[in-house]
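The primary structure of each chain is shown beneath.
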Amino acid sequence: MSSETFRESWSDLSGRLIVVSGPSGSGKTSLVRQYLARPDARARLSISATTRQPRVGEEYGREYFFEKRVDFEAARDRGEFLEWAEVHGNLYGTPADSVRSMLERGDCVILEIDVQGALQCLERFPSAELVFVNTSTFSVLEDRLRSRSTEDEPTIQVRLNNARREIALSEKYHHHLINENLDRAVDDLASLLSRFGCGGPVRDA
Ligand code: 5GP
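First, a word on scope: everything that follows refers to the structure included in this document.

1. Notes on the site of the ligand
What surrounds the ligand is a group of 16 residues, the closest being Ser 48, Arg 52, Tyr 64, Tyr 92 and Asp 114. At 2.9 Å from an oxygen atom of the ligand is found a side-chain nitrogen or oxygen belonging to Arg 55. Alone, the ligand offers 510 Å² of accessible surface; in the complex the protein occludes 94% of this. Elements represented by at least two residues in the shell around the ligand include exactly strand S5 (81-87) and strand S6 (90-95).

2. Points about the packing of helix H6 (residues 138-148) against helix H7 (residues 153-168)
One can describe the packing of H6 onto H7 by two numbers: an axis separation of 11 Å at closest approach and a directional angle of 150°. Of the possible angle classes, the one that applies to H6 and H7 is roughly antiparallel. By crossing handedness, the relation of H6 to H7 is classed as right-handed. Packed against H6, whose contacting residues are Phe 138, Leu 141, Glu 142, Leu 145, Arg 146 and Arg 148, the element H7 presents Glu 153, Ile 156, Gln 157, Arg 159, Leu 160, Ala 163, Arg 164 and Ile 167 at the interface. Per-class residue counts for the contact of H6 with H7 are seven nonpolar, one polar and six charged.

3. Re the state of the cysteines
Under the definition given, this model contains one disulfide. There is a disulfide in this structure between Cys 108 and Cys 198, and the S-S distance comes to 2.1 Å. As the torsion about the S-S bond is roughly -90°, the Cys 108-Cys 198 disulfide counts as left-handed. With Cys 108 in strand S7 (residues 108-112) and Cys 198 in the segment after helix H8 (182-195), this residue pair connects regions lying 90 residues apart in the sequence. Across the pair, exposure class does not vary: Cys 108 and Cys 198 are buried alike. There is no disulfide at Cys 121, and the cysteine sulfur nearest it, in Cys 198, is 15 Å away. Owing to a relative accessible area of 0%, Cys 121 belongs among the buried residues under this scheme.

4. Points about the nonpolar core
With 22 residues, the main nonpolar core has Ile 18, Val 20, Leu 31, Tyr 35, Ile 110 and Leu 193 as its most contacted residues. Going through the elements one at a time, strand S1 (16-21), helix H2 (28-36), S7, strand S8 (129-134) and H8 are the ones with two or more residues in this core. With six residues, the single largest contributor to this core is H8. Not counting chain neighbours up to four residues away, the residues in contact with Ile 18 comprise Val 109, Ile 110, Leu 111, Glu 129, Val 131, Leu 193, Phe 196 and Cys 198. Val 99, Met 102, Leu 111 and Phe 125 belong to the second-largest nonpolar core, a separate cluster that totals 21 residues.

Definitions and limits used
Residues numbered from 1 in each chain as written. Predicted model: local features only at pLDDT ≥ 70, side-chain atom pairs only at ≥ 80, totals over all residues. Heavy atoms only, no water. Near = heavy atom within 4 Å. Polar contact = N/O pair within 3.5 Å; in protein donor to acceptor, adjacent residues only side chain to side chain. Areas by Shrake-Rupley, 256 points an atom, 1.4 Å probe, with all protein chains shown as cover. Helix = DSSP H or I, 4+ residues; strand = E, 2+ residues; numbered from the N terminus. Axes fitted to C-alpha atoms, helices over the stretch in contact; angles between N-to-C directions. Parallel < 35°, antiparallel > 145°, perpendicular 65-115°, else oblique. Left-handed = near helix turned anticlockwise from the far one by under 90°. Contact = heavy atoms within 4.5 Å. Nonpolar A, V, L, I, M, F, W, Y, C, P; charged D, E, K, R; others polar. Disulfide = S-S within 2.5 Å. Buried < 20%, exposed > 50% of the residue type's maximum accessible area, 1.4 Å probe, protein only. Core = buried A, V, L, I, M, F, W, Y, C linked by side-chain atoms within 4.5 Å.

Written out as structure tokens, the structure reads:
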């Protein structure tokens, strides 16, 4: 489906699309998950498809739909993704149908995706709110990536280079959050989302 077709066929959906990005080490995943665990959160998380291998403790359908590359590419070629991108050598995509049904119901939907995907979303769904999460300085980011110790040095270097590229594009985002203290950042995200009508009691699925 072209961006124009998306724009037309998604234009009357009543929900809000919130796109959260940030470099590796910005803590955006913990931030979003911690926000969603709050009793006042009224938003749903879109689960992406990826060709990356599951990490220890990750489950199919909870963190990601882990797919073979050939299956991901077939789904992409059938136009099943709202957006997709290659990140750190793996493919990632947002399943369009599930996001569309949540938006149809009037839900607030959070996508936690990279910058390339976020900009595609904005083109296809111009009322999307783009939120960029970062640390106060690049060296905080670097320290976090190294202390995680889940990645080897070449992988860390790839992630740092991608981080520089992502930060350079962050000026295209509508909102910027600094995540130095997770609790404070969760509060900041909550108040931002309540401005978009994504606060209040959780609705039944
Ligand atoms: P990780 O593999 O570490 O969970 O994620 C790597 C990067 O891929 C992160 O920046 C994450 O936000 C991004 N990502 C996750 N899902 C998607 C998606 O559906 N689309 C795009 N474009 N990026 C994604």
